[in-house]
Amino acid sequence: MVQQVLVAPDKFKGSLTAAEVAARVSAGLGVPTVELPVADGGDGTVDAAVAGGFGRVTIEVTGPTGERISASYAWQETDATAVVELAEASGLRRLPGGHEPLTATSHGTGELIADAVRRGAKRVVLGLGGSACTDGGAGMAQALGARLLDADGADLPPGGAALKGLARIDLSGFVDVSGVEFVVASDVDNPLLGPHGAAAVYGPQKGATPDDVRTLEAGLARLAAVATATHGLMGAVEHDDTPRAMGVAGAPGAGAAGGVGFAALAFLHAEIRPGIGYLLDLLGFGELVKDARLVITGEGSLDEQSLRGKAPVGVARAAVEAGVPVVAVCGRRTLTDDELRAAGIEAAYALTDLESDPERCMAEAGPLLERLAARLAAVHLQGE
């Protein structure tokens, strides 16, 4: 009996969703396949969960600049699990007119979580990636019922810059999450503060100037220090007006998504798990790979970033552990054959092998991917 081919790619950003990549590859192979679109916690995580059998819940929430938008999370009724993707409500792609580094909020992500909790979630998986905000998860916490107050007892406006005026955090109205397990799916290991923290590393990617970064750093430090002083958290502390990252603020992953990782740890008592590994478990990859003779994974660009916990390498590691060979498809590749093999990928096929013009590769990614899959099949699936 011929074993199936498991097609488990991430998206080709700007061209095809992970589900579309999987469908195109399957069409080009011409053999029995099982399609399992994947994600690593960033853009496309909800879509991957839905393609893997979850339902989709769509509600109206607050976007990163305060506008009302429609956003979704994935929902599995059988075990009351929600998959919430920060990029859905608070992502860079939600910014209508460019970056807003000082005022962008994670409020909408909190609204998605609150809706899932009201629905009866026992587990919420929070995918962090593609964030537009550097607010330390303050907006998320506010949407869940926290009040962030200044010295006069007034609620702070949205955004990371406003956190400099934080005097007190009131959690008396916080939603009851005592029976909910929270898991942050992220491979980011940055702390909240300092030269490797949320503002310094990721602020410039969101349009922050050097002065903005200093403002955001001061706000995040104040958030962590007030959380420590008023709620007994192991967070940042201040000595002579100098914040020092410890405990939650210094934890690997606290700086993820502009500090939303910190709020998840501090207020939701979340556990941070490697993004792609956890999501593969959630989608049932381990069972599906047992019946596979080949796994095909991929993403838009196979490059140095791919080696740092991105989806294709996570898929490859899991498949190799199960004794199944792996090949990859991509838009372009900069990794050498040796680097690919070290990551568990036997070979990689790029759209640029067929079409040298990057713009045409983007515009015609679907048909090109089918042709690429046929070429792959001729080499790796002979006799099928």
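Right above here is the structure, for reference.
What counts, and at which threshold
- Residues numbered from 1 in each chain as written.
- Predicted model: local features only at pLDDT ≥ 70, side-chain atom pairs only at ≥ 80, totals over all residues.
- Heavy atoms only, no water.
- Pairing = 2+ DSSP bridges.
- Helix = DSSP H or I, 4+ residues; strand = E, 2+ residues; numbered from the N terminus.
- Axes fitted to C-alpha atoms, helices over the stretch in contact; angles between N-to-C directions.
- Contact = heavy atoms within 4.5 Å.
- 1 Å grid on protein atoms, 1.4 Å probe; cavity = no way out; pocket = protein on both sides within 12 Å on 5 of 7 lines; lining within 4 Å.
- Points joined across faces, edges and corners; volume = space filled by probe spheres on them.
- Nonpolar A, V, L, I, M, F, W, Y, C, P; charged D, E, K, R; others polar.
- Phe/Tyr/Trp six-rings, centres within 6.5 Å; stacked < 30°, edge-to-face > 60°.
- Lys NZ or Arg CZ within 6 Å of the ring centre and 35° of its normal.
- Salt bridge = Lys/Arg side-chain N within 4 Å of Asp/Glu carboxyl O.
- Buried < 20%, exposed > 50% of the residue type's maximum accessible area, 1.4 Å probe, protein only.
- Core = buried A, V, L, I, M, F, W, Y, C linked by side-chain atoms within 4.5 Å.

Novice: What is the right way to read the sheet that holds strand E14 (residues 326-333) from this model?
Specialist: Taken in spatial order, the five strands make up an open sheet running E2-E1-E13-E14-E15, and their pairing is parallel. The open sheet has two free edges, formed respectively by strand E2 (33-35) and strand E15 (347-350), since each of these has just one partner strand. Averaged over all neighbouring strand pairs, the angle between strand axes comes to 25 degrees, with direction disregarded. Sheet topology places strand E1 (residues 4-7) next to E2; three bridges connect them, and they run parallel. Note that in E2 the partner of leucine 6 across the bridge is valine 34. Where helix H12 (residues 311-321) meets the sheet, it contacts strand E13 (292-302) and E14, and its direction lies at approximately 165 degrees from that of E13.

Novice: Please explain the layout of surface pockets as it appears in this structure.
Specialist: Considering only enclosed or pocket space, the largest pocket measures out at about 1,100 Å³ in volume. Those elements that provide at least two residues to the lining of the largest pocket are helix H9 (256-268) and E13. Considered class by class, the residues forming the lining of the largest pocket number six nonpolar, 13 polar and 13 charged. Roughly 240 Å³ of internal volume is contained in the second largest pocket. Lys11, Thr17, Asp43, Gly44 and Asp47 are, among the 20 residues lining the second largest pocket, the residues nearest its centre. Mapped by element, the contributors of at least two residues to the lining of the second largest pocket are helix H1 (18-29) and helix H2 (45-51). A class-by-class count of the residues in the lining of the second largest pocket yields eight nonpolar, four polar and eight charged.

Novice: For this particular structure, what's the right way to read the sheet that holds strand E6 (residues 123-127)?
Specialist: By way of backbone hydrogen bonds, the strands of a sheet pair with one another, either parallel or antiparallel. Read from one edge of the open sheet, six strands run E3-E4-E5-E6-E9-E12, paired in mixed fashion. In this open sheet, the two edge strands, each paired with only one partner strand, are strand E3 (55-62) and strand E12 (271-273). In this sheet, neighbouring strand axes are inclined to one another by 30 degrees on average, regardless of whether the strands run parallel or antiparallel. In the sheet, strand E4 (residues 68-76) pairs with strand E5 (residues 81-85) via three bridges, with the strands oriented antiparallel. Each residue of the ladder has a partner; that of tryptophan 75, found in E5, is alanine 82. Across the sheet, helix H4 (residues 107-118) lies against E3, E4, E5, E6 and strand E9 (181-185), angled at about 135 degrees from E3, the strand it touches most.

Novice: How should the packing of aromatic side chains be read in this particular structure?
Specialist: Two aromatic rings are characterised by how far apart their centres lie and by the angle between their planes. Considering all chains together, one arrives at zero aromatic pairs under this definition. When the ring centre of tryptophan 75 is taken as reference, the NZ or CZ atom of arginine 119 above it lies at 5.9 Å.

Novice: What's the story with empty space enclosed by the protein in this structure? I'm lost.
Specialist: It is the rolling of a water-molecule-sized probe over the atoms that shows where space remains empty. The full count for this structure, using the stated rule, is one cavity of 30 Å³ or more. Within this model, the largest cavity holds a volume of roughly 30 Å³. For the lining of the largest cavity, the elements supplying multiple residues, two or more each, are H2 and helix H10 (275-283). No other element matches the three residues that H2 contributes to the lining of the largest cavity. A breakdown of the residues in the lining of the largest cavity according to their chemical character gives six nonpolar, one polar and no charged.

Novice: Would you mind showing me how to read the pattern of salt bridges here?
Specialist: Side chains that differ in sign of charge can pair as their charged atoms come close. A complete count under the given rule lists 20 salt bridges for this structure. A salt bridge links arginine 93 to glutamate 88; the shortest N-O distance between them is 2.8 Å. Owing to a relative accessible area of 48%, arginine 93 belongs among the partly exposed residues under this scheme. As a salt-bridge pair, arginine 147 and aspartate 155 come within 2.9 Å of each other at their nearest N and O atoms. Exposure remark for aspartate 155: the relative accessible area of 43% places this residue in the partly exposed category. Each of Asp43, Glu85, Glu88, Arg93 and Arg94 takes part in a single network of salt bridges with overlapping partners.

Novice: Please explain the nonpolar core as it appears in this structure.
Specialist: A general feature of soluble globular proteins is that nonpolar side chains tend to end up buried together. Counting 63 residues, the largest nonpolar core has Ile113, Met140, Leu148, Phe182 and Phe262 as the members making the most contacts within it. Of the residues forming this core, the biggest block, 10 residues, is contributed by H9. Apart from the residues lying within four places of it in its own chain, the contact partners of isoleucine 113 are Val84, Leu126, Met140, Leu144, Phe182 and Leu268.

Novice: Whenever I open this one, unusual backbone geometry confuses me. Can you help?
Specialist: A negative phi angle characterises most non-glycine residues, just as the trans form characterises most peptide bonds. A positive phi angle is found at alanine 80, which is not glycine, with a value near 50 degrees. Relative to the helices and strands, alanine 80 is located in the loop between E4 and E5. Among the residues examined, alanine 80 registers a relative accessible area of 12% and is labelled buried. Positioned with a positive phi, alanine 257 is a non-glycine residue whose angle comes to about 55 degrees. Considering the arrangement of structural elements, one finds alanine 257 in helix H9.

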